[in-house]
Amino acid sequence: IHSVKGCNFCYQITMASECFSVQVSSDGLRLRLLDQRILPNKVQYLEYDGCEEVAKAIKEMVVRGAPAIGAAAGHGYALHAQKLVRLHPDMTRDEFLKKMEVAYKVLYESRPTAVNLAWALKRLHAKMMDTTGKSPQGSPVDLVRVLVSEAKQITEQDVEIHRSMAENGANLLPAKCNVLHHCNTGPIATGVAFGTALGCIQFAHGVQHKNIHVFVDETRPRLQGARLTAWELMNLKIPMTLICDNAAAMCMRLKKIDVVFTGADRIAANGDSANKIGTYSAACNASVHDIPFYIVAPTSTIDLDIPTGEHIPIEERSSDEILRPSNESLVAPADVSVFNPAFDVTPAKFITAIVTEMGVIYPPFADGLRAAVEKSRAKYHH
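Residues numbered from 1 in each chain as written. Predicted model: local features only at pLDDT ≥ 70, side-chain atom pairs only at ≥ 80, totals over all residues. Heavy atoms only, no water.

## Section: the overall build of the protein
Inference 1: Tallying secondary structure elements over the protein gives twelve helices and 16 strands in all.
Inference 2: Since a compact globule built from 382 residues should have a radius of gyration of about 21 Å, the 21 Å found for the protein is in line with a globular shape.
Inference 3: The principal-axis extent of the C-alpha atoms belonging to the protein is close to 70 × 50 × 40 Å.
Inference 4: When the 382 residues of the protein are sorted by exposure, 55% land in the buried category.
Inference 5: A fraction of 72% describes how many contacts in the protein between residues 6 or more apart in sequence connect residues 24 or more apart.
Inference 6: On the protein, roughly 16200 Å² of surface is accessible, and the fraction owed to carbon and sulfur atoms is 53%.
Inference 7: Separation of charge centres in the protein, based on 40 positive and 41 negative side chains, amounts to 3 Å. (Helix = DSSP H or I, 4+ residues; strand = E, 2+ residues; numbered from the N terminus. Rg over C-alpha atoms; globule rule 2.2 N^0.38 Å. Buried < 20%, exposed > 50% of the residue type's maximum accessible area, 1.4 Å probe, protein only. Contact = heavy atoms within 4.5 Å. Areas by Shrake-Rupley, 256 points an atom, 1.4 Å probe, with all protein chains shown as cover. Lys, Arg positive; Asp, Glu negative; His and termini not counted. Charge placed at Lys NZ, Arg CZ, Asp CG, Glu CD.)

Have a look at this one:
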């Protein structure tokens, strides 16, 4: 729903559930983010209306999950533009564009690995600059209207994209199977009704009525599997068992796992895929035990400008995430040396296939990934 009255722009993304992680307030002025740091103990939304606040929320993982980060950055960029016009109604277009360049940089630098963030910002910025070129006399008000509309369109398209991706991945699952899942890739990681890897499990269970059981890696150090995936699966009434990350190989050896499904934060042009730390271990274990290993991600996660995974920037986070899990008391000496990469890269040779909204891509990945990106751009006009 998008209404325009003078300089007051209001837009609302209608959600089917109160637990969607990225929303816009009913008056269309603020971004509402589900605070994923305190789940499953408490469901709480925090509100933001400026780029600095949204960037801080992304850095601090109030919102997480590559698609949800992209959605938050996109809406945050549009809402910041709206705030500028509201606070400075006499601002010239050049002044507005300069301030939006600053906002772009602030949001762009909030987290380096998830390419969806950069993808959303580039799409909105390109739309704004294209409008500027076509309408030299256009005012900041006109540009805000464009940004608000484009951010809304991204969310509307995400609904269709994740539903298609969920079906494509669900078709790969047998009628009865045990799935190993790493990290969190459910609706709270995407901001829409279906997740990525978990979306395939949702679709297989809820739509295709397959007999699915999920082994959920706890996913250290932030425990996204234990805190978030387990919570989502239990709410969805999908059978599951929580395991320690280092129990996955044993489960495979005991033939308790038939297939592995994970998401991705960035996929290089050759198929190398960056995802939550521990994904590479799961892929290696799956390869040893001859178990299919699938990556599930929208084409917005594919970065054709990066030839291999060696070029993907890997975020390193605070040592406190390991020393004080869940912000609790120290579990190691306070002055111990800590290495805490948030992601690792799974080489393409360990990946059975990559599932996107445009279909399932098999090795060698390069041509298929490029074709999928081109098809998506043509279909969704971005």
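## Topic: the layout of surface pockets
Inference 1: Estimated volume of the largest pocket: approximately 470 Å³.
Inference 2: Lining the largest pocket are 21 residues, and of these Val115, Trp119, Lys122, Ile302 and Asp303 lie nearest its centre.
Inference 3: The biggest single contributor to the lining of the largest pocket is helix 4 (residues 115-134), with six residues.
Inference 4: Residue classes in the lining of the largest pocket are distributed as ten nonpolar, four polar and seven charged.
Inference 5: Here the second largest pocket defines a volume of roughly 370 Å³.
Inference 6: In this structure, the second largest pocket is lined by 17 residues; those nearest its centre are Arg37, Arg222, Arg324, Ser326 and Asn327. (1 Å grid on protein atoms, 1.4 Å probe; cavity = no way out; pocket = protein on both sides within 12 Å on 5 of 7 lines; lining within 4 Å. Points joined across faces, edges and corners; volume = space filled by probe spheres on them. Nonpolar A, V, L, I, M, F, W, Y, C, P; charged D, E, K, R; others polar.)

## Things to note about the packing of helix 4 against helix 5 (residues 140-170)
Inference 1: Following both chains from N to C, one finds helix 4 and helix 5 inclined at 140°, their axes separated by 9 Å at the closest point. Judged by the twist between their axes, the crossing of helix 4 over helix 5 is right-handed. Contacts between helix 4 and helix 5 involve Trp119, Arg123, Leu124, Lys127, Met128, Thr131 and Thr132 from the former and Leu143, Val146, Leu147, Glu150, Ala151, Gln153, Ile154 and Gln157 from the latter.
Inference 2: Tallied by class, the residues present in the contact of helix 4 with helix 5 amount to eight nonpolar, four polar and three charged. (Axes fitted to C-alpha atoms, helices over the stretch in contact; angles between N-to-C directions. Left-handed = near helix turned anticlockwise from the far one by under 90°.)

## Overview of the packing of helix 5 against helix 7 (residues 197-206)
Inference 1: Running from amino to carboxyl end, helix 5 crosses helix 7 at an angle of 70°, the nearest separation of the two axes being 7 Å. In terms of their interaxial angle, helix 5 and helix 7 are classed as roughly perpendicular. Along the contact surface, helix 5 presents Arg163, Met165, Ala166, Glu167, Gly169 and Ala170, while helix 7 presents Gly199, Cys200, Phe203 and Ala204.
Inference 2: Considering only residue class, the contact of helix 5 with helix 7 consists of six nonpolar, two polar and two charged. (Parallel < 35°, antiparallel > 145°, perpendicular 65-115°, else oblique.)

## Regarding the sheet that holds strand 8 (residues 240-243)
Inference 1: Spatial strand order, 8-7-6-9-12-15-16: seven strands in an open sheet with mixed pairing. One side of each edge strand has no neighbouring strand; the edge strands of this open sheet are strand 8 and strand 16 (359-361). Sheet twist, expressed as the mean angle between neighbouring strand axes with direction ignored, is 25°.
Inference 2: Where strand 9 (residues 259-262) lies against strand 12 (residues 293-296), three bridges are found, and the strand directions are parallel. Residue phenylalanine 261 lies in a different strand from strand 12, and its bridge partner there is tyrosine 294.
Inference 3: Each of strand 6 (176-181), strand 7 (211-217) and strand 8 is contacted by helix 8 (residues 224-236), which is oriented at about 165° to strand 7, the strand it contacts most. (Pairing = 2+ DSSP bridges.)

## Some words on the environment of aspartate 245
Inference 1: With respect to the helices and strands, aspartate 245 occurs in the loop between strand 8 and helix 9 (248-253).
Inference 2: Along the sequence, aspartate 245 and lysine 59 sit 186 residues apart, while their C-alpha atoms lie 24 Å from each other.
Inference 3: Those residues in contact with aspartate 245 that sit more than four places away from it in its chain are His182, Asp217, Glu218, Thr219 and Arg220.
Inference 4: Of note is the side chain of aspartate 245, whose polar atom sits 3.0 Å from the backbone nitrogen of arginine 220. (Polar contact = N/O pair within 3.5 Å; in protein donor to acceptor, adjacent residues only side chain to side chain.)

## Some remarks on empty space enclosed by the protein
Inference 1: For the structure shown, the criterion picks out five cavities of 30 Å³ or more.
Inference 2: Size it by volume and the largest cavity reaches roughly 170 Å³.
Inference 3: Listing elements by their share of the lining of the largest cavity, those giving two or more residues are helix 2 (66-87) and strand 11 (273-276).
Inference 4: For the lining of the largest cavity, the element with the highest residue contribution is helix 2, accounting for three residues.
Inference 5: The residue inventory of the lining of the largest cavity, partitioned by class, reads eight nonpolar, seven polar and four charged.
Inference 6: In this structure, the second largest cavity occupies an estimated 60 Å³ of space.
Inference 7: For the second largest cavity, the full set of lining residues is Pro67, Gly70, Ala71, Asn116, Trp119, Ala120, Ile154, Asp158, His162, Pro298 and Ser300.
Inference 8: For the lining of the second largest cavity, the secondary structure elements donating two or more residues are helix 2, helix 4 and helix 5.
Inference 9: Of the residues in the lining of the second largest cavity, the class split is six nonpolar, four polar and one charged.

## Description of the packing of aromatic side chains
Inference 1: Tallied over the full model, the rule gives five aromatic pairs.
Inference 2: Ring geometry for tyrosine 104 versus tyrosine 108: centroids 5.8 Å apart, planes at 15°, classification stacked. One end of the pair, tyrosine 104, and the other, tyrosine 108, are both in helix 3 (residues 93-108), four residues apart, so they sit about a helical turn from each other.
Inference 3: Seen from their ring centres, phenylalanine 194 and phenylalanine 203 are 6.0 Å apart, and the 45° between their planes marks the pair as tilted.
Inference 4: Relative accessible area serves as the criterion here: at 17%, phenylalanine 194 is assigned to the buried category.
Inference 5: Members of the aromatic cluster, connected to one another through ring pairs, are Tyr77, Tyr104 and Tyr108.
Inference 6: When the ring centre of tyrosine 45 is taken as origin, the NZ or CZ atom of arginine 32, which lies over that ring, is 4.4 Å away. (Phe/Tyr/Trp six-rings, centres within 6.5 Å; stacked < 30°, edge-to-face > 60°. Lys NZ or Arg CZ within 6 Å of the ring centre and 35° of its normal.)

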